[in-house]
Each structure stands twice: as C-alpha cells, then as structure tokens.
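# What the coordinates show
Take a look at the letters that make up each chain.
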Amino acid sequence: MSRHEVSQVHRDHALFDVAFALTCHGLTFADLSPEAMLYHSQECRRLGLTTANIGDPRRHQGQVAWQVLHRMEHFPDGTPPRMKELLLPGQRSIEELVAFRPIASGPVRQLIIDYLTRRASEVDYSTLKNLARTIAHTFWRKIEAINPGQHDLHIDQAVYAQWKAELRLRENGKPRTDAEHILLQVRSFYLDLHSWAVEEPERWAAWAAPCPISRGDLRGFGARCRRLQERTEKDSSNSHN
C-alpha cells in the first residue's frame, strides 16, 4: 500500500480501514471483496463508527482504502475505481450490476451480462436488478464457491445438491422465504438460453445446457423451507421463554 501516491494521513486511514474490516467481519485479506468493503462502509456509517478526524462523520468509511485496493488490482476486473460510484443514486449499468458481484469466470460473466442485456428490454429496472443479483450472486458465485473449476452451465448433480441445500438459509442463518422465486429465475435463465440457442445458435448454442432444477424441486422446495422457518421460529420462541 505504501507504493501508492496518497498522503501519509490517508495512507494510515486506508490501512486502518482494511484492518478494521478484516477484524470486524472475520475475513482474510483475500476475502476482502468489493461487496465486503462496501457493506463494511455502510455499516460504519449506519452505526456512527466513521473515523472522527477525516471530516464529515456522515461520509462513508473506507473510500481511500477502496481506491488503493483497486490500484493494487486486488478487486476483480470491472470493479469501479471509486466507492462513490456504487453509492450514487440512480440506475447502474448492467456491467456495474454484475461487477458488483464478482465472478471468477470471464466467459460466464460476459454471458450473464449478455443475458441481462437482452432481458432488459422486457422488464423494469427493479426486476432487472433483482435478476442480476439472483443469477450473478445467489446462483453463479455460490456455484463457483462450491466448485471453483466450474466454467460452463453443465452443473454436476452433487454441486447442485449442495447449492440447493445452502439456498434454504440466508447468509445470516435465517430461513430464506424467496427460495422458490430464485429457483424459478435460475430455471428461466436455462430455458431462455435453450430457446435463444434455437433462434441464434451462433450466439447462444454454446451455452445451452440441461437445467439442474426439475419441476419436482419447485414443488417440494417451498414446503420444506416453510417447515424449516416454522421450526426455527418455534425454537427461537422457546429459547426466550
């Protein structure tokens, strides 16, 4: 970090921000993703934990650290060079929506961008943003975490089974209530590619793959999640009695 052209004061703040984020969230430096840094910054602002001597306490913590990490090429390709680009109100481009959830495979990242670009003419921005989060983060990034070598949409059943099992819970450990909707979105992703491969084989055929989500998954998954949620709420209630 010392090689980058920032003042000593800002360098100290950047080092502090990185150490603070790693300590607070139990991360290694390799795990300090743009999402993690942005979440840390927003939480610091929400809780009033911004460093007092850098000016306005309402500002977002970690902006200099973000710039330095970007210059170090620590963040994935496509990450905005400044944090404020993700904090500005208004609509983000499809590339920005996908870059916000870094994907290891370049070809798959581009496929998702192309897919969302085509879908953009059919849906409003809110729907598009939700779809980007589902396909890029909830589905594909989790698949890459389970199987780092995954480079196409042919998902092994063991990998899919693990992803489906993990889908029942959110990252905070609470039961997920939108699991069926996520399954439907991912299934539509596969079915759309199949349909488009017939219309434009030169563009989409290479990505056509069997959809790992069966109709049976959709019928049974929601009921299992609801039972899990009821059991969790009952256990929580009992623990407070």
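Residues numbered from 1 in each chain as written. Predicted model: local features only at pLDDT ≥ 70, side-chain atom pairs only at ≥ 80, totals over all residues. Heavy atoms only, no water.

### Concerning the overall build of the chain
A tally of regular secondary structure across the chain gives 11 helices and 0 strands. The helix and strand sequence of the chain, counted from the amino end, reads α-α-α-α-α-α-α-α-α-α-α. Here the chain holds 241 residues, and 41% of them are scored as buried. (Helix = DSSP H or I, 4+ residues; strand = E, 2+ residues; numbered from the N terminus. Buried < 20%, exposed > 50% of the residue type's maximum accessible area, 1.4 Å probe, protein only.)

### A word on helix α7 (residues 125-146)
Its 22 residues place the ends of α7 30 Å apart at the C-alpha level, agreeing with the 32 Å of an ideal helix rising 1.5 Å per residue. At W140, α7 shows its strongest bend, of approximately 30 degrees. (Expected span 1.5 Å × (residues − 1). Bend = angle between axes of the 7 residues up to and from the residue.)

### Considering the layout of surface pockets
One number sums up the size of the largest pocket: a volume of about 1,200 Å³. The wall of the largest pocket is formed by 38 residues, among which E35, H137, R141, K142 and E171 lie closest to the centre. Elements represented by at least two residues in the lining of the largest pocket include exactly α2 (34-47), α7 and α9 (179-199). For the lining of the largest pocket, the leading source of residues is α7, giving 9 residues. Broken down by class, the residue content of the lining of the largest pocket amounts to 15 nonpolar, 10 polar and 13 charged. (1 Å grid on protein atoms, 1.4 Å probe; cavity = no way out; pocket = protein on both sides within 12 Å on 5 of 7 lines; lining within 4 Å. Points joined across faces, edges and corners; volume = space filled by probe spheres on them. Nonpolar A, V, L, I, M, F, W, Y, C, P; charged D, E, K, R; others polar.)

### Describing the confidence of the model for the chain
Taken residue by residue, the chain gives an average pLDDT of 79. The fraction at 70 or more is 78%. When mean pLDDT is taken per element in the chain, helix α10 (residues 201-204) scores highest with 95 and helix α11 (residues 215-240) scores lowest with 53. Long-range and interchain partners of residues 224-240, a stretch whose pLDDT sits below 50, account for 11 contacts in this model, where long-range means more than four residues apart. (pLDDT = per-residue confidence, 0-100. Contact = heavy atoms within 4.5 Å.)

### Quick word on the packing of aromatic side chains
For any pair of aromatic rings, the description rests on two quantities: the centre-to-centre distance and the angle between the ring planes. What the rule picks out here adds up to 10 aromatic pairs. Ring geometry for F189 versus Y190: centroids 5.9 Å apart, planes at 80 degrees, classification edge-to-face. A single burial state applies to F189 and to Y190, both of which are buried. Linked through ring pairs, Y115, F139, W140, Y160, W163, F189, Y190, W196 and W204 together constitute an aromatic cluster. The lysine or arginine in question, R118, covers the ring of W196, its NZ or CZ lying 4.2 Å from the ring centre. (Phe/Tyr/Trp six-rings, centres within 6.5 Å; stacked < 30°, edge-to-face > 60°. Lys NZ or Arg CZ within 6 Å of the ring centre and 35° of its normal.)

### Comments concerning the pattern of salt bridges
Oppositely charged side chains can pair when the atoms bearing their charge come close. Counted according to the given criterion, the structure contains 6 salt bridges. Note that E122 and R119 form a salt bridge whose closest N and O atoms lie 2.9 Å from each other. Overlapping salt bridges bring together R118, E199 and E200 as one network. (Salt bridge = Lys/Arg side-chain N within 4 Å of Asp/Glu carboxyl O.)

### Description of helix α3 (residues 63-71)
Within α3, 7 of the 9 residues are buried, which leaves it mostly tucked inside the rest of the structure. Looking at α3, one finds that the buried residues are Q63, V64, A65, W66, Q67, V68 and L69. The first or second residue beyond α3 is E73, which carries a positive phi of 65 degrees.

### Examining the side chain of T138
The topology assignment puts T138 in helix α7. Here T138 is in contact with R133, W163, L167, R176 and I182, once residues within four sequence places are set aside.

### Details of the environment of F29
Mapping F29 onto the fold places it in the loop between α1 (8-25) and α2. What makes F29 partly exposed here is its relative accessible area of 37%. Apart from the residues within four sequence positions on either side, F29 is in contact with V18, L22, L69, M72 and H74.

### Regarding the nonpolar core
L116, W140, L153, W163 and L193 are the most contacted members of the largest nonpolar core, which totals 39 residues. L153 has contacts with L111, W140, F189, Y190, L193, W207, A209 and P210, leaving out every residue within four places of it along the chain. With 17 residues, the next largest nonpolar core counts A21, V68, L69 and M83 among its residues. (Core = buried A, V, L, I, M, F, W, Y, C linked by side-chain atoms within 4.5 Å.)

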